[in-house]
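# Residue-level structure breakdown
Given next are the chains, with one letter for each unit.
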Amino acid sequence: MSKAFFLFFVFGSIVSNLLAANFVVVPYVALMDYKDTYKSDALLGGVYAKYSTPTKDYEFAYENTTINSKSTTLQDIKKSDYSFLYSHTLNNNYKVRGGIHLVISNNTTGDDVQSYFGGIEYFQKQHFSLGFDAYYSLYAQSELGKEVLQLKPYYGFKFGEYGSTMGAFSAKLSYYHIYFMQKSKATLNRSYLSYEVEINHHKGDFYTKLKAWTGKQVYAIRDNGFTLYNLYEKHKGGWSLSSKYALNDRLGLRASYINEVYSNIGTSSLSYTNTYLLSGEYSF
């Protein structure tokens, strides 16, 4: 009798967790146009998935990228990114998270990248959030530095009402400090600083995000660990704009544009990338 009750309890717990969970799948594809001495264009595609319960989030991402070279003497860069992030909400006001990002590439200077990260956030729903993230990355073949530490404190707040004429807004201010623990390249600094602002807007079936940053970054990690820059580039600023239209409660479509300004390590001339990204979002 007690065993039957225990099995019924376990089965009921599993079913209740699945019913309370939310699944989101986001496939995407992007074209990149380079204004660069060495690179011409790139094609990338991937999929992002998120499984959520009232207190836990599990996020996964896979991305495959091919960067075409301008010269036939230079090898095209092909790389695959694998990311995982786990988040846990405590006492309705705290969130802790940890994850890993792996890069496998045919580019010897950017191959075998491992990044481990974690963070903590204090928030009050519909008001503000205050958090701190830390990233520790290992570059097995890099001449720039094999161990990189990135610290990112941030502050976010919300204003406006969803049902109002202007809609609901949220803003996030972030500070990046990238530190090379073992600097190898003489032309590099030991640390790089940058600042980022992000503004989100929700009105009706439209979700819009505007993001801009300035400063200097080398081997930066952004988007909560899902975007990792592992090429020999010194980034100097950029901005992005994306808009999502919700077709219904389960299906959405998003279009994004991303502009990035950088210089290849060892050169002083500026280079640019224009990225055009399309993605779908399905919830169930």
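Residues numbered from 1 in each chain as written. Predicted model: local features only at pLDDT ≥ 70, side-chain atom pairs only at ≥ 80, totals over all residues. Heavy atoms only, no water.

### Re the overall build of the chain
Definition in use: The helix count covers DSSP runs of H or I at least four residues long, the strand count covers runs of E at least two residues long, and both are numbered beginning at the N terminus. A radius of gyration in this sense is built from C-alpha atoms; the matching globule rule multiplies 2.2 Å by the number of residues raised to 0.38. Think of it in three bands: with a 1.4 Å probe and only protein chains considered, a residue is buried below 20% of the maximum accessible area for its type, exposed above 50%, and partly exposed in between.
A count of helical and extended segments in the chain gives 1 helix and 16 strands. For 284 residues, the compact-globule estimate of 2.2 N^0.38 gives 19 Å, and the C-alpha radius of gyration of the chain, at 21 Å, lies within 12% of that figure. For the C-alpha atoms alone, the extent of the chain along its principal axes is close to 70 × 50 × 35 Å. Residues classed as buried in the chain amount to 39% of the 284 residues present.

### Focus on the packing of aromatic side chains
Formally: What counts as a ring pair is set by centres within 6.5 Å for rings of Phe, Tyr and Trp (its six-membered ring), and what kind of pair is set by the plane angle: stacked under 30 degrees, edge-to-face over 60, tilted for all other angles. Whether a charge lies above a ring is judged from NZ of Lys or CZ of Arg, which has to be within 6 Å of the ring centre and within 35 degrees of the ring normal.
Counted under the stated rule, the structure contains 22 aromatic pairs. Note on Tyr 48 and Phe 226: the rings are 5.7 Å apart at their centroids and 80 degrees apart in plane angle, and the pair reads as edge-to-face. Of this pair, Tyr 48 sits in strand β2 (residues 39-52) while Phe 226 sits in the loop between β12 (221-222) and β13 (227-228), and the two are 178 residues apart along the sequence. Residue Phe 226 is classed as buried on the basis of its relative accessible area of 18%. Look at Tyr 175 and Tyr 195: their rings are 5.4 Å apart centre to centre, the planes differ by 45 degrees, and that puts the pair in the tilted class. In this pair, Tyr 175 is assigned in strand β9 (residues 168-180) and Tyr 195 in strand β10 (residues 191-203), connecting sequence segments 20 residues apart. Residue classification places Tyr 195 among the partly exposed residues on the basis of a relative accessible area of 47%. Members of the aromatic cluster, connected to one another through ring pairs, are Tyr 94, Tyr 122, Phe 128, Tyr 155, Phe 157, Phe 159 and Phe 169. Taking the ring centre of Tyr 154 as reference, the NZ or CZ of Lys 172 above it sits at 4.4 Å.

### Considerations on the pattern of salt bridges
Selection criterion: The term salt bridge refers to a pairing of a side-chain nitrogen on Lys or Arg with a carboxyl oxygen on Asp or Glu at a separation within 4 Å.
In the structure shown here, the tally under the stated rule is 10 salt bridges. Note that Lys 79 is salt-bridged to Asp 81, the shortest N-O span being 2.8 Å. Close ionic contact of Glu 121 with Arg 97 constitutes a salt bridge, the shortest N to O distance being 3.7 Å. Of the two residues, Glu 121 is situated in strand β6 (residues 113-124) and Arg 97 in strand β5 (residues 94-105); the sequence distance between them amounts to 24 residues. The buried category is assigned to Arg 97, whose relative accessible area is 14%. Residues participating in the shared-partner salt-bridge network are Asp 36, Lys 39 and Glu 233.

### Quick look at the nonpolar core
How we decide: Throughout this description, the term nonpolar core refers to a set of buried Ala, Val, Leu, Ile, Met, Phe, Trp, Tyr and Cys residues connected via side-chain atoms within 4.5 Å.
Residues Leu 144, Phe 180 and Tyr 219 are the most contacted members of the largest nonpolar core, which totals 21 residues. Those elements that place two or more of their residues in this core are β6, β7 (128-139) and β9. Counting residues in each nonpolar core, the second largest holds 11 residues, with Tyr 28, Ile 67, Ile 77 and Tyr 262 among its members.

### Considerations on the environment of Ser 194
Formally: N or O atoms closer than or at 3.5 Å make up a polar contact, with two conditions inside protein: a donor-capable atom paired with an acceptor-capable one, and, for residues adjacent in sequence, both atoms drawn from side chains.
Tracing the sequence through the fold places Ser 194 in strand β10. Within the structure, Ser 194 has its side chain in polar contact with the side chain of Gln 217 (distance 2.8 Å).

### What about the environment of Lys 183?
The following threshold applies: Note on definitions: a residue-residue contact is assigned when non-hydrogen atoms from the two residues lie within 4.5 Å.
Checked against the element boundaries, Lys 183 lands in the loop between β9 and β10. Here Lys 183 falls in the partly exposed class, since its relative accessible area comes to 31%. Between the C-alpha atom of Lys 183 and that of Leu 149, which follows or precedes it by 34 residues, the distance is 12 Å. Here Lys 183 is in contact with Leu 144, Leu 188, Asn 189 and Arg 190, once residues within four sequence places are set aside.

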